[in-house]
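# Commentary on secondary and tertiary structure
Chain by chain, the residues run as shown.
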Amino acid sequence: MLTEGLTVKDLAEKLDVKSTDMMRKLMDRGVFATINQTLDKEMAKDIAKAFNAEADFVTFEESVMLDAVEISQAQNALPRAPVVTIMGHVDHGKTSLLDAIRKTRVTEQEAGGITQHIGAYQVTVKDSRKITFLDTPGHEAFTLMRARGAKVTDIVVLVVAADDGVMPQTLESISHTKAAKVPFVVAINKIDKPGVNPERVKRELAEQGLQAEDWGGDTVTVEVSAKTGQNLELLLEMILLVADIQNLKADPGLPASGTVLEAKIDKGRGNVATVLVQNGTLKVGDNFIAGAIYGKVRAMFDENAKLVREAGPSTPVEVLGLQGLPMAGDLFQSIADDNKARQIASYRQEKLRDIALAKTSRLTLDQLHKQLTEGEIKEVPLILKCDVQGSQEALTDMLNKLSTDKVKVRILHSSVGAITETDVLLAAASNAIIIGFNVRPERKAAELANREKVEIRLHTIIYNVVGEITRAMQGMLEPVYKETRLGTAEVRNTFRIPKVGTIAGCYITDGKITRNAEVRLLRDNVVIYEGKIASLKRFKEDASEVTRGYECGIGIQNFNDVKVGDTIEAFVTEKVITDLGA
């Protein structure tokens, strides 16, 4: 096995021949090279053949992985601590629950309470078993990590307040966890409050497909109180029980590998990364790579800012000694050979430019039929965002009915409201298509979708949504109308003109508005009206177009209910022929 960038000398040593004999063979082929000159793959294979040897190339990363596999064969995998992420709706007590667990479980020697220095910590349960908790801001961070290929969470604890029940962010957390195929433990919090009804929470959870165990399902639920500490022990025991079913194991004898949870520049300490060791043992002095960044472990700290010499599987630590800042979700691995670690880091940095240019091709409706006929996908993952509950229910029902024996329509998440960054992240992680019905993407969400190459399809007629997905599944996406967005204007004032109607005094915030464009009026990102421009004026004069940064007056045909704060979005539609290549 050879790696890219090998020299004449390297190949001679691999083949166990003299460098002079190697150079003679090269000269026979018209190549005059020194012993330190690098060879391309084809020439190296050709020369190896001349010495009766077969040559295969692996990347630096692959060669490192092969080394790791050889070591692991001599070691034994041992049970490891589960890694748990806590999610739930805002104000349902995620932070209180984390604090309560930390106070009762982290070693009592800590005077004056515990100060958490990193976004992860370990607690010890009575039989000396450990649980690692990740203190993430919620499903956005969880999904962002997964979108970057990191699989760090073994169990999700879903916190639902007993007095509040299932709320919008609870539903989002459920959708994101299901998409990641991670098991749940539901903590019904605030059970100490008078008059609360945990059975109502269980009913609402059952409606989302999470049937509690005492209701004959397989979802573990625990009624807890972060305030009084009630049933916290039971919650930890249930987490361990769910972990036992998964049979989580790791090999402490391996070189350390894991995931970067976060990275920052610290004034006094330089580049600092919080990493979760998932396999092997990380030691002070180890060389390692995190994504495209090289590092040497100068020091490691646990969540209480104590120095540690080594960290085994499922242990979160802060690491000092990186030459740059990796990204959250980057994989890291310790490598014995300092030279090889540096080579891999520089090799990956070169590759990052190519990756940025050729982003992972996301699923689009145009590609859908081609991939279905080639048997590449068996389901169509969708994220559905609607203006009202009624249209959400109707669309969900109609889209689910499109599933056939060959292909299944899978709605990962559906809710009411504008398309958000969270929706785009879930789509990126799950390779899904976003369907917007009478709603628009927030600006940051649109930018993220463009960057991540996530397809967003926007509609105002239910049957058009169903028809588009049906045609894509059947490969009938022939003539379609493509919408090109021109610009947006913010309504800052309104004027009532007799015999004309309401004129919106606008400021163009993005792109341009043209006289012949079609427009949508948006209120809180929900489509209120769609039509044509009746008039476009600047200083009482008719204008053919008005660009970003200028003010203008816009009249909309047959529509007068314009309000200050509304957004007018201009677009044009054109007929295009879609070539599916099938």
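This one's a predicted model, so the numbers in the text were calculated from it and none came from an experiment.

Strand order in the open sheet formed by 6 strands is β5-β6-β4-β7-β8-β9, and the pairing between neighbours is mixed. Looking at which strands have only one partner, the edges of the open sheet turn out to be β5 (120-124) and β9 (220-223). When the angles between neighbouring strand axes are averaged without regard to direction, this sheet yields 30°. As judged from the 4 bridges shared by strand β8 (residues 184-189) and β9, these two strands associate in the parallel manner. Looking at β9, one finds that Ile188 is bridged to Glu223. In the packing of helix α7 (residues 168-180) onto the sheet, the strands contacted are β4 (83-88), β7 (155-161) and β8, and the crossing angle to β7 comes to about 165°.

Now for helix α12 (residues 389-400). Taking 1.5 Å of rise per residue, the 12 residues of α12 would be expected to cover 16 Å, and the 16 Å separating its terminal C-alpha atoms lies within 8% of that figure. Within the sequence span of α12, burial applies to Ser391, Gln392, Leu395, Thr396 and Leu399. The buried residues of α12 all sit within an arc of 130° when viewed along its axis, so they share a single face.

Another point: unusual backbone geometry. Backbone geometry places Ser314, a non-glycine residue, at a positive phi of 65°. Of note, Ser314 is situated in the loop between β17 (310-311) and β18 (315-322). Taking relative accessible area as the criterion, Ser314 reaches 1% and is therefore assigned buried. With a phi close to 65°, Asn525 is a non-glycine residue in the positive phi region. Relative to the helices and strands, Asn525 is located in the loop between β26 (518-523) and β27 (526-538). Accessibility expressed as a relative area gives 26% for Asn525, which makes it partly exposed.

This next bit is on the nonpolar core. Considering soluble globular proteins, one finds that nonpolar side chains tend to be buried as a cluster. Counting 28 residues, the largest nonpolar core has Leu97, Ile131, Phe133, Leu235 and Ile239 as its most contacted members. Those elements that place two or more of their residues in this core are β4, α5 (94-105), β5, β6 (130-134), β7, β8, β9 and α9 (232-246). Residue contributions to this core peak at 7 residues, all from α9. Filtering out sequence-adjacent residues up to four positions away, Leu235 remains in contact with Leu97, Ile101, Val185, Ala187, Val222 and Val224. Among the nonpolar cores identified, the runner-up in size contains 21 residues, and Ala517, Cys552, Val562 and Ala570 belong to it.

Moving on, we get to the side chain of Thr315. Here Thr315 is to be found in strand β18. By relative accessible area, Thr315 is classed as buried at 18%. There is a polar contact of 2.9 Å between the side chain of Thr315 and the backbone oxygen of Gly312.

For the rest of this paragraph, the subject is the pairing of β4. Of all the 6 residues making up β4, 6 are buried; the element is thus mostly covered by neighbouring parts of the structure. Bridge analysis of β4 against β6 gives 3 bridges, and the strand direction is parallel. Bridge assignment links Val84 to a residue of β6, and that residue is Phe133. By the bridge criterion, 5 bridges tie β4 to β7 in an arrangement that is parallel. From the neighbouring strand, Thr85 faces β7, where its bridge partner is Val156.

The next subject is the pattern of salt bridges. Throughout the structure, instances matching the rule amount to 24 salt bridges. A salt bridge links Lys202 to Glu199; the shortest N-O distance between them is 3.6 Å. Here Lys202 pairs with Glu199, and both are found in helix α8 (residues 198-207), just 3 residues apart, close to one helical turn. A residue is classified by how much of its surface remains accessible, and Lys202, at 3% relative accessible area, is buried. The partner of Asp566 in a salt bridge is Arg523, and the shortest N-O contact between them spans 2.8 Å. Here Asp566 is found in the loop between β30 (551-556) and β31 (567-577), whereas its partner Arg523 is found in strand β26, with 43 residues between them in sequence. On the basis of relative accessibility, which here comes to 2%, the residue Asp566 falls in the buried class.

Rules used throughout
- Residues numbered from 1 in each chain as written.
- Predicted model: local features only at pLDDT ≥ 70, side-chain atom pairs only at ≥ 80, totals over all residues.
- Heavy atoms only, no water.
- Pairing = 2+ DSSP bridges.
- Helix = DSSP H or I, 4+ residues; strand = E, 2+ residues; numbered from the N terminus.
- Axes fitted to C-alpha atoms, helices over the stretch in contact; angles between N-to-C directions.
- Contact = heavy atoms within 4.5 Å.
- Expected span 1.5 Å × (residues − 1).
- Buried < 20%, exposed > 50% of the residue type's maximum accessible area, 1.4 Å probe, protein only.
- Arc of directions from axis to C-beta.
- Core = buried A, V, L, I, M, F, W, Y, C linked by side-chain atoms within 4.5 Å.
- Polar contact = N/O pair within 3.5 Å; in protein donor to acceptor, adjacent residues only side chain to side chain.
- Salt bridge = Lys/Arg side-chain N within 4 Å of Asp/Glu carboxyl O.

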